[in-house]
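Below are the chains, spelled out letter by letter.
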Amino acid sequence: MKRVCVYLGSNPGTDPAYAQAADALARELAQRSIGLVYGGSDVGLMGRLANACLDAGGEVIGVIPELLVEKEVAHTGLTAMHVVASMHERKQKMADLSDGFIALPGGLGTLEEFFEVLTWNQLGYHAKPCGLLDVKGYYACLADHMDRMVHEGFLVQEHRGMVLTGSDPADLLDRFETYAPPQVDKWIKRKKGL
Ligand code: AMP
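Model, not experiment: these values are computed from the prediction. (Residues numbered from 1 in each chain as written. Predicted model: local features only at pLDDT ≥ 70, side-chain atom pairs only at ≥ 80, totals over all residues. Heavy atoms only, no water.)

Draft legend 1. Summary view of the overall build of the protein chain. In terms of helices and strands, the protein chain carries 8 helices and 7 strands. Scaling as 2.2 N^0.38, a compact globule of 194 residues should have a C-alpha radius of gyration of about 16 Å, and the protein chain matches this with 17 Å. The proportion of buried residues among the 194 residues of the protein chain is 49%. A fraction of 70% describes how many contacts in the protein chain between residues 6 or more apart in sequence connect residues 24 or more apart. For the protein chain, the distance from the average position of its 19 positive side-chain charges to the average position of its 25 negative side-chain charges is 7 Å. (Helix = DSSP H or I, 4+ residues; strand = E, 2+ residues; numbered from the N terminus. Rg over C-alpha atoms; globule rule 2.2 N^0.38 Å. Buried < 20%, exposed > 50% of the residue type's maximum accessible area, 1.4 Å probe, protein only. Contact = heavy atoms within 4.5 Å. Lys, Arg positive; Asp, Glu negative; His and termini not counted. Charge placed at Lys NZ, Arg CZ, Asp CG, Glu CD.)

Draft legend 2. Layout of helix 2 (residues 44-55). Given a rise of 1.5 Å per residue, 12 residues ought to cover 16 Å, and the 17 Å separating the end C-alpha atoms of helix 2 matches this to within 8%. Considering only its buried residues, helix 2 is in contact with strand 1 (3-7), helix 1 (16-31), strand 2 (35-38) and strand 3 (60-65). At the exit of helix 2 stands Gly57, carrying a positive phi of roughly 85 degrees. (Expected span 1.5 Å × (residues − 1).)

Draft legend 3. Local environment of unusual backbone geometry. Despite not being glycine, Ser33 has its phi angle at roughly 55 degrees, a positive value. Among the secondary structure elements, Ser33 is positioned in the loop between helix 1 and strand 2. With phi around 55 degrees, Val73 is a residue other than glycine that occupies positive phi space. Mapped onto the secondary structure, Val73 falls in the loop between helix 3 (68-71) and strand 4 (80-84). You can call Val73 partly exposed: its relative accessible area is 38%.

Draft legend 4. Highlighting the pattern of salt bridges. In total, this model carries 11 salt bridges according to the counting rule given. A salt bridge links Glu28 to Arg32; the nearest nitrogen and oxygen atoms lie 2.9 Å apart. Taking relative accessible area as the criterion, Arg32 reaches 26% and is therefore assigned partly exposed. Look at the salt bridges and you will find they share partners, linking Glu28, Arg32 and Asp174 into a network. (Salt bridge = Lys/Arg side-chain N within 4 Å of Asp/Glu carboxyl O.)

Draft legend 5. Representation of the pairing of strand 1 in the model. Within strand 1, 5 of the 5 residues are buried, which leaves it mostly tucked inside the rest of the structure. Burial of the side chains of strand 1 extends over both faces: Arg3, Cys5 and Tyr7 are buried on one face and Val4 and Val6 on the other. Across 3 bridges, strand 1 lies against strand 2 in parallel orientation. Across the sheet, the residue bridging to Cys5 is Val37, located in strand 2. Since strand 1 and strand 2 lie parallel, the crossover through helix 1 that links them has a hand, and here it is right-handed. Examined bridge by bridge, strand 1 and strand 5 (residues 101-103) share 3 bridges and lie parallel to one another. Within the sheet, the bridge partner assigned to Cys5 lies in strand 5 and is Phe101. (Pairing = 2+ DSSP bridges. Right-handed = clockwise from strand over helix to strand, strands pointing away.)

Draft legend 6. Looking closely at the environment of Thr79. Structurally, Thr79 is set in the loop between helix 3 and strand 4. C-alpha separation for the pair Thr79 and Asp42, spaced 37 residues apart in sequence, amounts to 13 Å. Setting aside its immediate chain neighbours within four residues, Thr79 contacts Leu54, Gly58, Glu59 and Val60. In this structure the side chain of Thr79 is engaged in a polar contact, spanning 2.8 Å, whose partner is the backbone nitrogen of Val60. (Polar contact = N/O pair within 3.5 Å; in protein donor to acceptor, adjacent residues only side chain to side chain.)

Draft legend 7. View of the packing of helix 1 against helix 8 (residues 169-177). The interhelical angle for the contact between helix 1 and helix 8, taken along N-to-C directions, is 45 degrees, at an axis separation of 9 Å. Comparing their axes, helix 8 and helix 1 come out oblique. When you trace helix 1 past helix 8, the crossing you get is right-handed. Together, Ala24, Leu25, Glu28 and Leu29 of helix 1 and Pro169, Ala170 and Leu173 of helix 8 make up the contact between the two elements. Taken together, the residues that form the contact of helix 1 with helix 8 break down as 6 nonpolar, no polar and 1 charged. (Axes fitted to C-alpha atoms, helices over the stretch in contact; angles between N-to-C directions. Parallel < 35°, antiparallel > 145°, perpendicular 65-115°, else oblique. Left-handed = near helix turned anticlockwise from the far one by under 90°. Nonpolar A, V, L, I, M, F, W, Y, C, P; charged D, E, K, R; others polar.)

This is the structure in structure tokens:
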């Protein structure tokens, strides 16, 4: 894996444990010479992760839409920065540059971006590993909800299994290296009109 895309909060969260988790992931990426691709902001957990990667000697590539350069305080010290025209272009570029995707704790933007790459995976647009780096059980309810999707017949178990989840960055990245994408159809019953 050359580069991993990380989605995470543009806010710092209320607990210092979130920033510590960003630092730990940054160290692990740098140690493995895996570059970071992220949203290009210098604020919140996003800025923390980028700065920790740079401090550890890692490569950091930002992708930010023009409209957010000021609002999200674009980072000025990255290895490379792509300023793009739209949110859609941002997400496509981040996905193209990366060999895997991780979500650290974050808000709506974090979830939107992570679930988009998951759904692309489910439809076969790519076969790259996707994982939740959980901190303090932040994603426990989300994991429960995905189990419910399976139970209620809206998600196949194999696609549920695509969401690699753990609290240790080294373990998560090890699992990325050996990830095998599921070979199943998304549709449980494909029948016209139910
Ligand atoms: P949040 O988790 O809400 O703090 O947002 C984290 C990052 O996701 C920020 O850089 C937001 O600009 C970005 N974001 C929010 N919504 C979207 C979207 N629809 N497409 C792409 N990026 C988004």
